Amino acid sequence: MKTEIAIIGAGPAGLAAAVAAYDAGVKDLLLLERDAAPGGILQQCIHNGFGLHRYGEELTGPEYAARDVAEVRKRNIPILTETMVLSVAPDRTVTAMNRQNGIFTVEAKAIVLAMGCRERPRGALNIPGDRPSGIYTAGTAQRFVNIQGVLPGKEIVILGSGDIGLIMARRMTLEGAHVHAVCELMPYSGGLNRNIVQCLRDFDIPLLLSHTVSRVHGNGRLTGVSVAEVDENRRVKPETERYIPCDTLLLSCGLLPENELSKGAGVPLDPVTGGASVNERRETAIPGVFACGNVLHVHDLVDFVSEEAHLAGESAAKWVLSGAAGHAERSIPVRAGGKVRYTVPQRIDSPETPVRLFFRVGSVADNAVLTVKSGQTVLAAKKKRRMTPGEMESFELSPAVLCAAFDAGEPLTVSVN
Amino acid sequence: MKTRELTCIVCPMGCTLRVELTDEGEVAAVTGNTCPRGAAYAKDEVLHPVRTLTTTVRAAGTDRPLPVKTDRPIPKEHLFDAMKRVNSLQVEAPVRIGDVLLDDLFGAKLVATADLL
Ligand SMILES: Cc1cc2nc3c(=O)[nH]c(=O)nc-3n(C[C@H](O)[C@H](O)[C@H](O)COP(=O)(O)OP(=O)(O)OC[C@H]3O[C@@H](n4cnc5c(N)ncnc54)[C@H](O)[C@@H]3O)c2cc1C
Ligand code: SF4
């Protein structure tokens, strides 16, 4: 098989990238999706709160996805579902597998990586104790309840206060389960305030900050967990340990971009984001290979996923239409400083158009001052009352700032103090 | 006089609001808000808190439930009663996204948020 642009993953990122590439003039596209239907993780996110930025209204996940799917169908862009992509080669050959074709290859001029992310599994968290059943990631529980129609347990403890855990605390409570507590290792929650109010306080579910699950108990099935307070160094204070009987422990401890395919293709990754390192057009270090959505960096709002995917899709189309021309002659690296943990993009290849930088801080910054420096020279600055690790921030660099940076030829440093 | 503490959920600042209530249950004062939107939220929240309900209903002939929502927020105190009514419902294909499944669920319509074909 041959195609101009192969898009891997038909979640909101892949769908928006396909529409943008089509509208930019490339009509020969192919979406490859391992699930039975397009829509990605949104299919199981039945709660509302999606689309406020993009549509000015609060949609549920399935409604948001349905709009993107409709746009793709309108353009007759083919989606191969139940098709697992096995590998991507640096020459942009995609190897995939499905029931009709067995193992087959797709030769593409450009590739858009849109595989999303997965949840940090329990093994990575090293909780001591037994290994009973009844321990799931919050997203797995969400799939059980919302897609398969089964409640994974009745007496619940949740570790981690990420948004998915908070959403599931409410969902399971509404379905008749009893959520004993949400334990958060850090002194602040990783979730949005509105979710803490609407999902925990509304139902009197305690949020235990600076707490962790210190041990799991049970033989066969989970029978309970020990929870304990932690000190400033996040070490358990043994004297605070107490036992909570429960049959289910949900883990909501963060998301990891799913980059096995990218690694196989030799795409260099950013060690902080876990996603590819890209330029302002979302092109990785391999020419013609683009990335967007949660596979690039974890987003909290799908609206920004769609925006980024639009950019990646359009860039892929331009690359194909301009004859798949090589690489930028000069590029300026963008570095994170102070409280800034990472930036996307990680490099800028052209000073001609404005570039919106996305970044996250590693700890809460009150009365934050953001500066953009080229070497020692401050090129731009901005103040904000508060920045938190839970919210992605952004800042637009004007062509004037970019030209100054290119003239100086030094890396740009984005920092918050 | 009673006071209640709330977290404003209108914007990411998440200000802590204090609402003073008269003995008749009316709002006498709101403090702690950084902007007027916080005061408006506090008044609504203490007088008649409402929430949009999103959940699923059973669908005939399949294990996969159909996602649904109320088309407007309903009084918070009726969430569990609303769940009971929704969970006693069973729908049959075809249902289109936006179809009304219940006309009056505590003042809101229950609508499908996905297709069931
Ligand atoms: C459990 C969960 C809950 C969330 N809740 C909210 C929320 O309440 N509000 C909000 O705004 N955002 C929420 N988000 C974030 C938002 O949903 C995501 O930002 C958005 O869905 C990301 O889109 P995506 O297309 O990058 O990834 P996904 O939606 O994950 O889509 C990736 C797609 O790629 C496919 N894929 C992966 N690997 C392969 C392969 N090898 N071959 C073929 N196909 C492949 C997957 O099957 C999937 O369909 C949530 C995220 C998660 C994980
Ligand atoms: S009071 Fe105003 S600034 Fe504070 S959280 Fe509410 S809306 Fe935001």
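Because the structure is a prediction, the values reported are computed rather than measured.

Rules and cut-offs
- Residues numbered from 1 in each chain as written.
- Chains lettered and ligands numbered in written order.
- Predicted model: local features only at pLDDT ≥ 70, side-chain atom pairs only at ≥ 80, totals over all residues.
- Heavy atoms only, no water.
- Near = heavy atom within 4 Å.
- Nonpolar A, V, L, I, M, F, W, Y, C, P; charged D, E, K, R; others polar.
- Polar contact = N/O pair within 3.5 Å; in protein donor to acceptor, adjacent residues only side chain to side chain.
- Helix = DSSP H or I, 4+ residues; strand = E, 2+ residues; numbered from the N terminus.
- Domains from an automatic or database assignment.
- Core = buried A, V, L, I, M, F, W, Y, C linked by side-chain atoms within 4.5 Å.
- Buried < 20%, exposed > 50% of the residue type's maximum accessible area, 1.4 Å probe, protein only.
- Contact = heavy atoms within 4.5 Å.
- pLDDT = per-residue confidence, 0-100.
- Expected span 1.5 Å × (residues − 1).
- Pairing = 2+ DSSP bridges.
- Right-handed = clockwise from strand over helix to strand, strands pointing away.
- Buried area = accessible area lost by both parts, 1.4 Å probe.
- Salt bridge = Lys/Arg side-chain N within 4 Å of Asp/Glu carboxyl O.

Close to ligand 2 lie B:Cys8, B:Val10, B:Cys11, B:Met13, B:Gly14, B:Cys15, B:Asn33, B:Thr34, B:Cys35 and B:Gly38, which account for all nearby residues. Per-class residue counts for the shell around ligand 2 are 6 nonpolar, 4 polar and no charged.

Okay, the site of ligand 1 next. All names here are of chain A. Neighbouring residues of ligand 1: 29 residues in total, closest Ala13, Glu33, Ile41, His47 and Asn294. Here Pro12 contributes a backbone N or O atom positioned 3.3 Å from an oxygen atom of ligand 1. Here an oxygen atom of ligand 1 sits 2.9 Å away from a polar atom, N or O, in the main chain of Ala13. Counting only elements with at least two residues in the shell around ligand 1, the list comes to helix H1 (12-23), strand S6 (84-88) and helix H8 (302-321). Taken together, the residues that form the shell around ligand 1 break down as 16 nonpolar, 10 polar and 3 charged.

Structurally, chain B comprises domain 1 (2-47) and domain 2 (54-112). Between the C-alpha centres of domain 1 of chain B and domain 2 of chain B the distance comes to 31 Å.

B:Val57, B:Leu66 and B:Leu110 are the most contacted members of the largest nonpolar core, which has 40 residues in total. Residue contributions to this core peak at 6 residues, all from helix H5 (residues 163-174) of chain A. Leaving out residues up to four positions away in the same chain, B:Leu66 has contacts with B:Thr55, B:Thr56, B:Val57, B:Val91, B:Val95, B:Leu101, B:Ala112, B:Ala114, B:Asp115 and B:Leu116. Residues A:Cys45, A:Tyr64, A:Val72 and A:Ala317 belong to the second largest nonpolar core, which totals 37 residues.

Moving on: the confidence of the model for chain B. For chain B, per-residue confidence averages 92 on the pLDDT scale, and residues scoring 70 or more make up 99% of the total. Here the complex is predicted with pTM 0.92, and the ipTM for its interfaces comes to 0.88.

All names here are of chain A. Counted at 1.5 Å a residue, the expected span for helix H3 (residues 61-74) with its 14 residues is 20 Å, and the 20 Å between its end C-alpha atoms agrees. Along H3, the residues classified as buried are Gly61, Pro62, Glu63, Tyr64, Ala65, Asp68, Val69 and Val72. Among the residues trailing H3, Asn76 stands out with phi positive, at a value near 55 degrees.

In this section: unusual backbone geometry. Of note, the amide linkage connecting A:Val344 to A:Pro345 takes the cis form, showing an omega dihedral of 0 degrees. Tracing the chain through its elements places A:Pro345 in the loop between strand S21 (340-344) and strand S22 (347-348). Here the residue pair B:Ala93 and B:Pro94 is connected by a cis peptide bond, since its omega of 0 degrees sits within 30 degrees of zero. For A:Arg92, which is not a glycine, the phi torsion comes out positive at approximately 70 degrees. Mapped onto the secondary structure, A:Arg92 falls in the loop between S6 and strand S7 (93-98). With a phi angle near 55 degrees, A:Asp204 is a residue other than glycine that sits in the positive phi range.

Right, let's get into the pairing of strand S2 (residues 29-32) of chain A. All names here are of chain A. Neither face of S2 is open: one carries Leu29 and Leu31, the other Leu30 and Leu32, and all of them are buried. In the sheet, strand S1 (residues 2-8) pairs with S2 via 4 bridges, with the strands oriented parallel. Note that in S2 the partner of Ile8 across the bridge is Leu32. Once the chain exits S1 it traverses H1 before rejoining the sheet at S2, and the crossover so formed is right-handed. Here S2 pairs with strand S5 (residues 79-80) via 2 bridges, running parallel. The partner of Leu32 across the bridge, within S5, is Leu80.

Tallying the contact residues gives 26 residues for chain B and 28 residues for chain A. Carbon and sulfur atoms make up 57% of the surface buried where chain B meets chain A, a total of about 2300 Å² over both sides. In this structure, the connection of chain B to chain A is made through 3 salt bridges. Sorting the residues of the side of chain B that touches chain A by element identifies strand S5 (54-59), strand S6 (66-70) and helix H2 (79-87) of chain B as the ones contributing at least two each. Broken down by element, the side of chain B that touches chain A gets its largest block of residues, 4 residues, from H2(B). Classifying every residue of the side of chain B that touches chain A by side-chain character gives 12 nonpolar, 9 polar and 5 charged.

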